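Take a look at the letters that make up each chain.
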Amino acid sequence: MNFNDPMRNEFLYDQDRLERHIWKQERETGLTRRDILKKFLAAGAAFAAAGTFVDRASAQTPPTILKPIDPAKFWDRGTNRETRFEAFKGTGYLTPASLFFVRNHTSTQILSASTWSVSIEGPGVANPRTFTLEDLAALPQVSQIRAIECAGNGRSFYSSQQGTAGAGTAWYLGAIGVGKWTGVRLSDLLDLAGIKSSAVDVIPEGNDVFSTANNTNYAPTDGGGRVNRPLSKERATDSDVLVVTHYNDEPLLPDHGFPARLLVPGWIGIANIKWLRRIIVTESPVINSYFNSTQYTFIGGNYGPLTNSSIRLGSQVVKSAFELPLPSASFAPGLKLITGRSWSAHGTIARVDVSFDDGVTWKRAVLKNTGNEPQAWAEWQIQWTAKAGSYVFKARATDSLGNIQPDTTPFNTNGYLFDAVVRHPVTVA
Ligand SMILES: Nc1nc2c(c(=O)[nH]1)N[C@H]1C(S)=C(S)[C@@H](COP(=O)(O)O)O[C@H]1N2
Ligand SMILES: [Mo]
């Protein structure tokens, strides 16, 4: 696929894309919706025949997500979409881009491949540099199969299982996807920009403006408040941290960070900044940056109030999910093949134990012998004879380092990193 194909960049997503285009044009040109459509059709757009355009002329806000969303496969969670875990069934090891969850703090950014660039700047580099997509393509390419998972994935179970709701999007377990990411090493870019030995933190910044009220102490020159998530120089220069341009061998979709995003394997979703715009290298620690020191910290419960020494989240944990609908699944009686996936931020999955009776008895599930990449997931299956009644299914994973999912997760106010075994209600009738 050609990065510079204007059709791809402007109108990739037929109806939703067109709606977004119209919305922008209405505001930028003052033309009516009708005239914009006329101009567009006259330009010979390939998918003009594609269909019925929903009349959203009265809409005050643009759609925040561009890719087509099938409600049978996604939960609508405000500016976000959660993949229904049962939708992964039969889709193979790598999550198709169309099925990947979307987590937007603001809305999907529309960036042009031909004018985009990312800069590396700040007091921590000797030779500030700017890289276009062509510049990135000319550097050594690295591919890794890894998960991206939201810090809040599983948050709803703090409420439903432990009786105290965490603040934020009430995800089940579908705020995760696993795929093949391709791009360049961030450390290669930092080396080309002459990163100094005195460098301390690296601040990847997205194009999206979150709020100018969310001050940071790196004194942005252009109004601030861009979604950013500082990393220590140590983590940023690890060889597994990539600036990726491709997902499953295709250019990233706009919803997932086109033209380029960061990949920080094993770390919470926010570390994987989308729509990269610039990367600032500091010579002093970033004490205060909204997505590092206010959000994505452990506070409340046993962790206490927010201070500068609150724990800032890095690694994800170990989790499991059945490929069955929530909040409950139902079956007809008979022999069933129950499937699911487990994942660890630290390594591969070593074993998965499944209970059909709320944890009274356990059986070992059969791990698929393909996939099971580190910091991604493993697919598994187990047979079950369904007889009329009500059941609670549970799955408990152990990873290659011996980390085991606990029965409960200590509460934190924002409901992050829920790794406890999840109760999955099932009825057979
Ligand atoms: N620029 C930018 N990057 C971002 C976000 C965002 O809102 N803006 N959301 C983060 C969060 S919280 C998560 S979980 C992941 C989600 O990636 P996805 O939308 O591709 O699934 O992107 C991260 N990177
Ligand atoms: Mo997230």
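This one's a predicted model, so the numbers in the text were calculated from it and none came from an experiment. (Residues numbered from 1 in each chain as written. Chains lettered and ligands numbered in written order. Predicted model: local features only at pLDDT ≥ 70, side-chain atom pairs only at ≥ 80, totals over all residues. Heavy atoms only, no water.)

### Points about the overall build of the protein
Each helix and strand counted, the protein has eight helices and 24 strands in total. Counting across all 429 residues of the protein, residues that qualify as buried make up 54%. Across the protein, contacts joining residues at least 24 apart in sequence account for 73% of those joining residues at least 6 apart. Summed over all atoms, the accessible surface of the protein reaches about 17600 Å², with 53% contributed by carbon and sulfur. (Helix = DSSP H or I, 4+ residues; strand = E, 2+ residues; numbered from the N terminus. Buried < 20%, exposed > 50% of the residue type's maximum accessible area, 1.4 Å probe, protein only. Contact = heavy atoms within 4.5 Å. Areas by Shrake-Rupley, 256 points an atom, 1.4 Å probe, with all protein chains shown as cover.)

### Remarks on the packing of aromatic side chains
Given two aromatic rings, their pairing is described by the distance between the two centres and the angle made by the two planes. The full count for this structure, using the stated rule, is 26 aromatic pairs. The interplanar angle of 85° and the centroid separation of 4.9 Å between the aromatic rings of Trp 384 and Tyr 391 together place this pair among those described as edge-to-face. Judged by its relative accessible area of 8%, Trp 384 is buried. Ring pairs connect the aromatic residues Phe 322, Phe 331, Phe 356, Trp 380, Trp 384, Tyr 391 and Phe 393, which therefore count as one cluster. The positively charged end of Arg 84 is found above the aromatic ring belonging to Trp 75, 3.8 Å away from the centroid. (Phe/Tyr/Trp six-rings, centres within 6.5 Å; stacked < 30°, edge-to-face > 60°. Lys NZ or Arg CZ within 6 Å of the ring centre and 35° of its normal.)

### Concerning the sheet that holds strand β22 (residues 377-386)
In space, the four strands of this open sheet follow the order β16-β18-β22-β21, with antiparallel pairing throughout. With partners counted over all chains shown, the strands left at the sheet margins are β16 (318-322) and β21 (366-367), one partner each. In terms of strand pairing, β16 meets strand β18 (residues 334-344) through five bridges, oriented antiparallel. Bridged to Lys 319 within β18 is Trp 343. (Pairing = 2+ DSSP bridges.)

### Observations concerning the sheet that holds strand β24 (residues 424-428)
With respect to topology, five strands assemble into an open sheet ordered β17-β24-β23-β19-β20, the strand pairing being mixed. The outermost strands of the open sheet, each flanked by one partner alone, are β17 (329-331) and β20 (363-364). Summarising the sheet, β17 and β24 pair through three bridges and their orientation is parallel. Across the sheet, the residue bridging to Ala 329 is Val 426, located in β24.

### What to know about the environment of Ile 268
Checked against the element boundaries, Ile 268 lands in the loop between β12 (261-263) and β13 (276-281). Among the residues examined, Ile 268 registers a relative accessible area of 0% and is labelled buried. Measuring from C-alpha to C-alpha, the distance between Ile 268 and Leu 313 comes to 7.3 Å, with 45 residues separating the pair along the chain. Residues within four places of Ile 268 in sequence aside, it is in contact with Glu 149, Ala 151, Arg 229, Tyr 296, Leu 313, Gly 314, Ser 315, Gln 316 and Leu 417.

### A word on the pattern of salt bridges
According to the stated counting rule, one finds 16 salt bridges in the structure shown. For Arg 351, the salt bridge goes to Asp 353, with nearest N and O atoms at 2.8 Å. Under the relative-accessibility criterion, Arg 351 is labelled partly exposed at 32%. Notably, a salt bridge pairs Asp 407 with Arg 396, separated by 3.0 Å at the nearest N-O pair. Of this pair, Asp 407 sits in the loop between β23 (389-399) and β24 while Arg 396 is found in strand β23, placing the two residues 11 residues apart along the sequence. Accessibility expressed as a relative area gives 18% for Arg 396, which makes it buried. What emerges from the salt-bridge pattern is a single network uniting Glu 121, Glu 205, Arg 277 and Arg 278. (Salt bridge = Lys/Arg side-chain N within 4 Å of Asp/Glu carboxyl O.)

### What about the site of ligand 1?
Every one of the 20 residues lining ligand 1 counts as a neighbour, but Phe 101, His 105, Asp 208, His 256 and Lys 274 are closest to it. The contact in question runs from an oxygen atom of ligand 1 to an N or O atom on the backbone of Phe 101, over 2.6 Å. Counting atoms within 2 Å of the grid points, the majority share of ligand 1 lands in the largest cavity. Class assignment of the residues belonging to the shell around ligand 1 gives a composition of nine nonpolar, six polar and five charged. (Near = heavy atom within 4 Å. Polar contact = N/O pair within 3.5 Å; in protein donor to acceptor, adjacent residues only side chain to side chain. 1 Å grid on protein atoms, 1.4 Å probe; cavity = no way out; pocket = protein on both sides within 12 Å on 5 of 7 lines; lining within 4 Å. Sits in = over half its atoms within 2 Å of the grid points. Nonpolar A, V, L, I, M, F, W, Y, C, P; charged D, E, K, R; others polar.)

### Observations concerning empty space enclosed by the protein
Remark: the empty space left among the atoms is shown by a probe the size of a water molecule rolled over them. One pass over the full model with this rule turns up six cavities of 30 Å³ or more. The volume enclosed by the largest cavity comes to roughly 260 Å³. Every residue lining the largest cavity is counted, 21 residues in all, and those nearest its centre are Arg 103, Arg 261, Gly 269, Asn 272 and Lys 274. Residues that form the lining of the largest cavity fall into these classes: 11 nonpolar, six polar and four charged. (Points joined across faces, edges and corners; volume = space filled by probe spheres on them.)

### Some points on unusual backbone geometry
With an omega of 5°, the peptide bond running from Phe 258 to Pro 259 counts as cis. Geometrically, the link from Leu 326 to Pro 327 is a cis peptide bond, its omega value of 10° lying close to zero. Relative to the assigned elements, Pro 327 resides in the loop between β16 and β17. Backbone geometry at Tyr 296 places phi at a positive 60°, although glycine is not the residue there. Within the secondary structure layout, Tyr 296 lies in the loop between α8 (290-294) and β14 (297-298). Owing to a relative accessible area of 4%, Tyr 296 belongs among the buried residues under this scheme.

In short, geometric facts, not functional conclusions.
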